[in-house]
Amino acid sequence: MGLAIETTGLTKRYDSLTAVNKLNLKVEKNTIHGFLGPNGAGKTTTIKVLVGLLRPDEGTVKVLGHEVHGDMPDVRLKVGYMPELPKFPKHLRGWELLDIYGRMYGMTRQKRMEQIPKLLDMVGLKGREKDFVGKYSKGMQQRLGIAQALLNEPELVILDEPSLGLDPVGMVEVRELIKEIAKEGRTVFLSSHLLFEVEQICSHVTIIHKGESLISDTLHNVSSKLSGPATVQVELAKTSETVIEAVRQLPFVSNIIQDDNMLTIELKTRDDVRAQISQEITKAGGVIVSMNLKGQTLEEVFMQLITKPQGGTAE
Amino acid sequence: MNGKTSLNWKTRFWAVVKYELLWNIRKKKFLGMMVVAFTLATLSLVLPALLSNMTGQPLKQNPDYVIGTGAGIGGLGMFLFAVVVVMNSISGEFESGTIVPLLTKPVSRTMVFLGKLLAAFITLLSAYAVLFIYMTVGGTIVYGPQNNLHLLPLTLLGTLLSTFVWIAIVLAIGTISKSSLIAALGTFGIFMALTISSPIISIFTDQAWVLNYIPGSGMTGYINGTNPQTPYTPGIAVATGTDNIAATLINYVLYPSSDVTFFKIGALRGQAQLVELYTEPLSTVLARSILVALAYIAIFVSVSWYAFKRAQILE
């Protein structure tokens, strides 16, 4: 699978502050790639370099196979971008704005007539398209931001904090929308500081802190690499060797720690295997009082990573 | 690339022009300026007629009223039109953050810059044309049939060229400072400094030629036959600065082979006298005014373009 985004040694400084430090980022095509980091981690700066708003001080940037250096409008033909808390000209009506942006993408009138009502409907702005953008709420501008990012049916959609400023219903709708976009075969690169958002929709994740990439992999691997094996805690009415031995024979069990009637079962997998364990215990004559699957969440991984001492970043 | 999109640069360029034109004509500042211009134009037409009625003296017919006044848009009018049309054309985009979605569309920064310039030109052309038509109709009603109306397009062209000197200055200050306020105040400062210093230099010093090369109202001379003792009676005033190209163009068409004599105020036998400085052909005055205007436009527009092209979008 090819790469939608590739940065090598990307560095961006603002005077003495290094906002992005030798960042190597690889975003595979047809994935939803989360770009996670606390506020000020360098997420927006990286994205601004990707879309040509900022020039890197060092390193190379490739978007959809094209090296990006400076103002390269043709690369942007295939990229949809929604900035963090987007601001649009207040003097234009919602529909006019999308129509003008559509023209900038070189879309034909027929294509604009098809695409704009569809997008307005999709983002929930149908019926408000004739209002001036100046009258839109923050949430409506956010929705307009998503619509304009999808206008050109881009191969790569870059969303900078897409849920910021949205109410809880809006946030759920946006997450569903992003999943839909990915189903259409587009690559979504999504920056967020909302861990649950990334956990729910992303297949891949890069965690950035103080301008440096701390880890980049599939969401599953990121959790596995850092959290160690998942465990299942089972409380039995009465422990017996037969039950322990039966559980030990399961192929995904690596170790069992017994503490009175409480068994801590360490797993080789991060899949939910509680049903198989329960079945095996019952078959061996055990009676289960309670059972919990314990695995580290992305939030725990994230906290673990960013609280580690960092070095090398000038601030 | 999407099969239904067109890479036609004209479509993309006109999208930028439309984007900017809609902004220009919906600006409250611009609409306010048009109201003021029409009010002043109406007053200049109606007041003499009212005074004539009140004093009982018949209003003198003036067949050169329209061509003589150049539709009444003086240096201050051109300066104000320039400020309201372009003071926030680029700096306003930075201030509001709308520059981000705009520059991430597949239009180059040069295209955005040129689109904004063309939109300013179209806006001014339309505003001036409407004012010219209004003054022509009004002038004909108040002062009787008008001579040389066929020269009005030339007046329009000259007025636009003069205004574009101010446009270029406002744009350059705005693009470099990224502040509409600094653009407006900075240009106002330049305008006021030139307005105050020009007559002083022109009247009292031997170095008045300097005014031929700086923006503004320049120095004033009189066409052939001017009597230095009573210059206003027989003479036709010709001003050299970049603000007076329209009037100089008309004078050149009407008196193509005439010379212009420039004076300063000097002391002769203890009395203030007009002292002749130099005489030169009207064609030289016109050519120099146009070249100086074009040079300023080229310099300031180039500076703006370079600053815009190199700007890092931190907003």
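Up top is the structure these notes are about.
Residues numbered from 1 in each chain as written. Chains lettered and ligands numbered in written order. Predicted model: local features only at pLDDT ≥ 70, side-chain atom pairs only at ≥ 80, totals over all residues. Heavy atoms only, no water.

S.K.: Sorry if this is basic, but what is going on with the packing of aromatic side chains here?
M.R.: One pass over the structure, following the stated rule, counts 16 aromatic pairs over all chains. The interplanar angle of 35 degrees and the centroid separation of 5.0 Å between the aromatic rings of Phe35 of chain A and Phe189 of chain A together place this pair among those described as tilted. Here Phe189 of chain A lies in strand β8 (residues 187-192) and Phe35 of chain A lies in strand β3 (residues 32-36), a separation of 154 residues in the sequence. No difference in accessibility class separates Phe35 of chain A from Phe189 of chain A, as the two residues are buried. Sitting over the face of the ring of Trp23 of chain B, Lys27 of chain B holds its NZ or CZ atom 5.4 Å from the ring centroid. The positively charged end of Lys105 of chain B is found above the aromatic ring belonging to Tyr101 of chain A, 4.3 Å away from the centroid. (Phe/Tyr/Trp six-rings, centres within 6.5 Å; stacked < 30°, edge-to-face > 60°. Helix = DSSP H or I, 4+ residues; strand = E, 2+ residues; numbered from the N terminus. Buried < 20%, exposed > 50% of the residue type's maximum accessible area, 1.4 Å probe, protein only. Lys NZ or Arg CZ within 6 Å of the ring centre and 35° of its normal.)

S.K.: Would you take a moment to explain the side chain of Lys12 of chain A for this structure?
M.R.: Looking at the secondary structure, you find Lys12 of chain A in strand β1 (residues 3-14). One buried charged side chain, Lys12 of chain A, makes no salt bridge at all; its nearest oppositely charged neighbour is Asp57 of chain A, positioned 4.2 Å away. Reaching out from Lys12 of chain A, the side chain makes a polar contact with the backbone oxygen of Arg55 of chain A at a distance of 2.8 Å. In terms of polar contacts, Lys12 of chain A uses its side chain to reach the side chain of Gln312 of chain B, at 3.4 Å. Dropping the residues within four chain positions of it, Lys12 of chain A is found in contact with Leu17, Thr18, Ala19, Val20, Thr45, Leu54, Arg55, Pro56 and Asp57 of chain A together with Gln312 of chain B. (Lys, Arg positive; Asp, Glu negative; His and termini not counted. Salt bridge = Lys/Arg side-chain N within 4 Å of Asp/Glu carboxyl O. Polar contact = N/O pair within 3.5 Å; in protein donor to acceptor, adjacent residues only side chain to side chain. Contact = heavy atoms within 4.5 Å.)

S.K.: What's the story with the interface of chain B and chain A in this structure? I'm lost.
M.R.: When the parts of a complex come together, some accessible area is lost, and that lost area is often used as the size of the interface. With 35 residues of chain B in contact, the opposing surface of chain A contributes 39 residues. Between chain B and chain A, a total of about 3400 Å² is buried, with carbon and sulfur atoms accounting for 59% of that surface. Seen at the junction of chain B and chain A, the total is four salt bridges. The closest approach of N and O atoms between Asp71 of chain A and Lys309 of chain B, which form a salt bridge, is 4.0 Å. At the boundary of chain B and chain A, one finds 15 residue pairs in polar contact (both at pLDDT 80 or more). Counting residues per element, the ones that place at least two in the side of chain B that touches chain A are α1 (9-26), α6 (99-103) and α11 (282-310) of chain B. Residue composition of the side of chain B that touches chain A, by class: 16 nonpolar, ten polar and nine charged. (Buried area = accessible area lost by both parts, 1.4 Å probe. Nonpolar A, V, L, I, M, F, W, Y, C, P; charged D, E, K, R; others polar.)

S.K.: What should I look at first to understand the environment of Ala19 of chain A in this one?
M.R.: All names here are of chain A. You can see Ala19 is positioned in strand β2 (residues 17-28). The exposure class assigned to Ala19 is buried, which follows from its relative accessible area of 10%. Separated by 138 residues in sequence, Ala19 and Val157 place their C-alpha atoms 23 Å apart. Setting aside anything within four residues of it in sequence, one finds Ala19 in contact with Lys12, Arg13, Tyr14, Ala41, Gly42, Thr45, Lys210 and Gly211.

S.K.: Help me out: how do you make sense of the side chain of Gln148 of chain A in this one?
M.R.: Here Gln148 of chain A is to be found in helix α5 (residues 138-150). Overall, the relative accessible area of 0% leaves Gln148 of chain A in the buried class. A distance of 2.8 Å separates the side chain of Gln148 of chain A from the backbone oxygen of Gly145 of chain A, its partner in a polar contact. Those residues in contact with Gln148 of chain A that lie beyond four places of it in its chain are Tyr81, Met82, Pro83, Phe88, Leu98, Tyr101 and Tyr105 of chain A together with Pro101 and Lys105 of chain B.

S.K.: Is there a simple way to explain the sheet that holds strand β5 (residues 66-67) of chain A in this structure?
M.R.: Strand pairs in the sheet, formed through backbone hydrogen bonds, run parallel or antiparallel to each other. Residues and elements named next belong to chain A. Taken in spatial order, the four strands of this open sheet run β2-β1-β4-β5, and their pairing is antiparallel. Of all strands in the sheet, those bounded by a partner on one side alone are β2 and β5. The pairing of β1 with β2 spans eight bridges and is antiparallel. Of the residues in β2, the one forming a bridge with Leu10 is Leu23. Contacting β1, β2 and β4 (58-63), helix α1 (residues 43-50) runs over the sheet at an angle of about 115 degrees to β1. (Pairing = 2+ DSSP bridges. Axes fitted to C-alpha atoms, helices over the stretch in contact; angles between N-to-C directions.)

S.K.: Would you mind going over α1 of chain A with me for this structure?
M.R.: Taken across its eight residues, α1 of chain A has seven buried, putting it largely inside the fold. Those residues of α1 of chain A that fall on the buried side of the exposure criterion are Lys43, Thr45, Thr46, Ile47, Lys48, Val49 and Leu50 of chain A.

S.K.: How should I be thinking about the nonpolar core in this particular structure?
M.R.: In globular proteins that are soluble, nonpolar side chains generally tend to be buried together. Core analysis: the largest hydrophobic core is formed by 155 residues, its most contacted members being Val63, Met104, Leu156, Ile158 and Phe189 of chain A together with Phe81 and Tyr128 of chain B. Take this core: its biggest share by element is 14 residues, from helix α7 (residues 109-143) of chain B. Leaving out residues up to four positions away in the same chain, Ile158 of chain A has contacts with Ile47, Leu50, Val51, Val79, Gly80, Tyr81, Met82 and Phe189 of chain A. (Core = buried A, V, L, I, M, F, W, Y, C linked by side-chain atoms within 4.5 Å.)

S.K.: Teacher, can you tell me more about the pairing of strand β12 (residues 253-259) of chain A here?
M.R.: All names here are of chain A. Across six bridges, the pairing between β12 and strand β13 (residues 262-267) is antiparallel. Bridge pairing links Gln258 to Leu263 in β13. Remark: two residues form the turn of the hairpin made by β12 and β13, two consecutive strands paired antiparallel; Asp260 in that turn has positive phi of roughly 60 degrees.

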